[in-house]
Amino acid sequence: MNLDSKIPEGPLSQKWTNYKTNQKLVNPANKRKLDIIVVGTGLAGSSAAASLGALGFHVDIFCLQDSPRRAHSIAAQGGINAAKNYQNDGDSVMRLFRDTVKGGDYRAREANVYRLAEVSGGIIDQCVAQGVPFARDYSGMLDNRSFGGAQVSRTFYARGQTGQQLLLGAYGALSREIARGTVTMHTRCEMMELVVEPDGQGVPRACGIIVRDLVTGALRRFAAHAVVVATGGYGNVYYLSTNAMNSNVSAAWACHRQGALFANPCYVQIHPTCIPVHGDYQSKLTLMSESLRNDGRIWVPRRKEDAEAIRAGRKGPGDIAEADRDYYLERRYPAFGNLVPRDVASRAAKERCDAGYGVGTGLAVYLDFRDAIRRLGRDVVEQKYGNLFQMYQKITDTDPYREPMMIYPAVHYTMGGLWVDYELQTTIPGLFAAGEANFSDHGANRLGASALMQGLADGYFVLPYTLQNYLADRIYAEKPRCDTPAFDAAEQRVRQKMERLLSVGKSADGHPVDYYHKALGKVMWEYCGMSRSEESLVEADRQVCELEADFHRHVIIPGTADEMNPELEKACHLADYFELARLIIADARQRKESCGGHFRVESQTADGETLRDDGHFMYVAAWEYQGAGHPEVMHTEPLHYEEIQIATRNYK
Amino acid sequence: MNFTLHIWRQADALSQGRFETYRVEHISPDCSFLEMLDILNGQLVGDSVAHPVCFDNDCREGICGMCGLYINGRPHGNDDGVTTCQLHMRRFSDGDEIWVEPWRAKPFPVVRDLVVDRSAFDKIIQAGGYISATTGGAPDANAILIPKHKADEAMDAAACIGCGACVAACKNASAMLFVAAKVSHLSLLPQGQPEAADRVRRMVSKMDELGFGSCTNTFACEAECPKQIKRQHIARLNRQWIGQAFGRDRK
């Protein structure tokens, strides 16, 4: 298969301009006749639907929650990057572009990343115009903070609730289009299947979706000229993650099963600062924003005896003298200190804990605000991070103003996703993927505050152009209909999947869905988490296959498919996670180098840093589905760097 | 810890609901309320005694606004400034009886068990709870200067998560705090001025039309709001509503 990334001609800084100058347009009268489906109402989905609706297209948008405002973008805390250089500290589009490519360990597509940096400033303008209450200084101008992997302050924020405010901005824009009638909202609806049908020339095209009404269980058909999937990432394959409970891969996976290639699944971001795991009943992990690393200092005891005493409860953090504290990030990475990228910070925490210096349960390190409170005063710290401190206090029942927070890495974001070209189109014509659901901009590691930037860039400023370029040719096609054999077959596949799961007979060996999901998560975290080896991956594959077989033979699902049935929803998600887990493992096995969040123990430097192998692995791995139970086939898209000087990532 | 739970069960919007009693045992005090319900549901599924209890939830970190249970007579339970997902069992005593109900308000009909339909809130926002800023063509972000205290106050109001606790807490099922938070957020900012009069009129009319009750300044909403949105926003809404009602009609 030839993976054509369709990167426009011209020098890097002119590519997007050239694209927009030469792309095809659709006139206003024709826009009204064209239907677009958007799945997901996070930053990417809401902003895309609002912008496309405003242009005059008719959009149907779907979410599985009770309101579009619930999408998990809302939980993003720290901020959004933009190359505004408001701080006069030397920022520029070029520097944001370079930081992002370097942060991704040189595994992202240059042209996409440059475009992302190029449109970043416009996002802030757009959001301010919508009334997003970003933090300001006393002059009334916008304030910035610093995030990992950058030496400038380019992160715009709204307290610790930036994702919420950006999403509510996009939700407002979406609500306006719903009121104007250009966008039709479908809540509590889950996309179950993608419908692909050959056009008049025999080219297979995405032409609709099957959704399940989560209240009644009814299956419904929607046809359109194009489908946009903006359904987020797949971090919940690890069960415990910072994702929302309902976040899942199933919509993207349905696209994958229908022929859309899935790229770089092994690139999973483990976030360094999350509240540690404390019990088996736990359903999710809570993130403590990266912005805390602006003022918090990370440490563990320098002496093992002290760490042991803390774990045994004989000593507290206050009993450890300054000289006996090991601020290991500042020690190992003097240039970036506590603001190294997430993958680096996470591995460093794991290294200390594995070596026996962990606190709490042994799998935790301190994030300490003592010095910041002394320097700035409690009031300033409270103003900056108050809601995060409150959240920490409510969950752990300890006061972070008095005692350092305890944190540990947790699964947070997935850089991999549906393969897309420069136009954000997947390998199925007419099917586009935006936001975390695609793979395109973050390489092997995403920098903090860049997910919000990418979601909104895709939705506000990329898809409204590239979709038009695609749709310009579709005005001649017949209006898509949903009474075709392709729709019948797709609906049948959905029914069969649910019936198969519901038909599992009750046996003494059976358990509810969560039991199998927790077990899958443990295997993935243990053998395919922060560090991976050939040996651990073989073991992971073996255990996942066993679990998958056990799940399909014994899972207990109550009720029927014709009612509100959360257990059935979870089972459908988990069936897809098992397939995905095996693909993640296969991808991690073939990539025998370490890069970004993907750490192969066989490929590291003498001091334990990632060791890339550019000679063999400078490519995007894009996988093609071969049917249930069959190994997938890998295709590669080589990465070419024209502007970037490839180097070893160095934050020392 | 062990608990006796009395949970509202209702098959769908039209059926008659009732309380059912369940026991959960050996619950860790660090367990969240929703994780305790997960454990109960695991028991119900494993023993096939009953359909698991349906309840809305998503982010489980207090920001999405999806969860919302009426626990022992209080929206989001007996802790201040938290949503149900952030309520932990350490707030209860061993052996407690806990009564769990859905939000009770006419504009929020029960969907199943503890799940209610809050789409009325979306309809209120669609009536005008936004600033019309079509994508593209926005001026440079720093071209609009906003005094810090104004931006902070707007942010205080914008922190609303749309969970509906204010409606559930109100004896009149008024949505005044929810509407006021949005009106206040947008009208404190210069960008929100051009549409301010229309916005307050349209949102308030929509709220009335959807069957929410009137505000009688009891402020149970403020006491129970998990994001601690202040009643001053209601005063601002009233001032603006009166201003547009007796001023020149701009439409």
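Residues numbered from 1 in each chain as written. Chains lettered and ligands numbered in written order. Predicted model: local features only at pLDDT ≥ 70, side-chain atom pairs only at ≥ 80, totals over all residues. Heavy atoms only, no water.

A. Region of interest: the sheet that holds strand S1 (residues 35–39) of chain A. Residue and element names in this part refer to chain A. Pairing is parallel across the open sheet formed by five strands, whose spatial order is S5-S2-S1-S9-S17. This sheet does not close on itself; its edge strands, each paired only once, are strand S5 (183–186) and strand S17 (431–433). Averaged over all pairs of adjacent strands, the angle between their axes in this sheet comes to 20°, without regard to strand direction. Pairing of S1 with strand S2 (residues 58–62), which is carried by five bridges, proceeds in the parallel orientation. For Asp35, the partnering residue across the bridge sits in S2 and is His58. (Pairing = 2+ DSSP bridges. Helix = DSSP H or I, 4+ residues; strand = E, 2+ residues; numbered from the N terminus. Axes fitted to C-alpha atoms, helices over the stretch in contact; angles between N-to-C directions.)

B. Representation of the pattern of salt bridges. Taken as a whole, this structure holds 81 salt bridges over all chains when the rule is applied. Note that Asp397 of chain A and Arg90 of chain B form a salt bridge whose closest N and O atoms lie 3.8 Å from each other. Remark: Arg90 of chain B occurs in the loop between strand S4 (74–75) and strand S5 (97–101) and Asp397 of chain A occurs in the loop between helix H12 (378–396) and strand S15 (405–414); the pair is interchain, linking two chains. We classify Asp397 of chain A as partly exposed; its relative accessible area is 46%. Among the ionic pairs, Arg600 of chain A bridges to Glu534 of chain A, the shortest N-O distance being 3.8 Å. Here Arg600 of chain A, found in the loop between helix H17 (566–590) and helix H18 (614–617), pairs with Glu534 of chain A, found in helix H16 (residues 534–554); they are 66 residues apart in sequence, far enough to count as distant. Residue classification places Glu534 of chain A among the partly exposed residues on the basis of a relative accessible area of 28%. The network of salt bridges with shared partners includes Asp105, Arg107, Asp343, Arg347, Arg591, Glu593, Arg612, Asp614 and Arg649 of chain A. (Salt bridge = Lys/Arg side-chain N within 4 Å of Asp/Glu carboxyl O. Buried < 20%, exposed > 50% of the residue type's maximum accessible area, 1.4 Å probe, protein only.)

C. Layout of the packing of aromatic side chains. Residue and element names in this part refer to chain A. Under the definition given, this model contains 34 aromatic pairs over all chains. Here the aromatic rings of Trp419 and Phe439 are separated by 6.5 Å at their centres, their planes lie at 15°, and the arrangement is stacked. Of this pair, Trp419 sits in the loop between strand S16 (417–418) and S17 while Phe439 sits in the loop between S17 and helix H13 (451–471); the two residues are 20 residues apart in sequence, bridging distant segments of the chain. Each member of the pair Trp419 and Phe439 is classed as buried. Pairing Tyr460 with Phe461 gives two aromatic rings, centres 6.1 Å apart and planes at 55°, and the pair type is tilted. (Phe/Tyr/Trp six-rings, centres within 6.5 Å; stacked < 30°, edge-to-face > 60°.)

D. Region of interest: the interface of chain B and chain A. Contact with chain B, which involves 72 residues of that partner, is made by 75 residues of chain A. When chain B packs against chain A, close to 6,100 Å² is buried across both sides, 53% of that on carbon and sulfur atoms. Considering only the surface of chain B that becomes buried against chain A, Glu61, Lys148 and Met155 of chain B emerge as the three largest contributors, covering 11% of it. Between chain B and chain A we count eight salt bridges in total. Residue assignment for the side of chain B that touches chain A shows that the elements contributing at least two residues are helix H1 (33–47), strand S6 (110–112), strand S7 (115–116), helix H2 (119–126), helix H3 (148–158) and helix H5 (176–187) of chain B. Among the elements that make up the side of chain B that touches chain A, the one with the highest residue count is H3 of chain B (seven residues). (Contact = heavy atoms within 4.5 Å. Buried area = accessible area lost by both parts, 1.4 Å probe.)

Read these as geometric descriptors, not functional statements.
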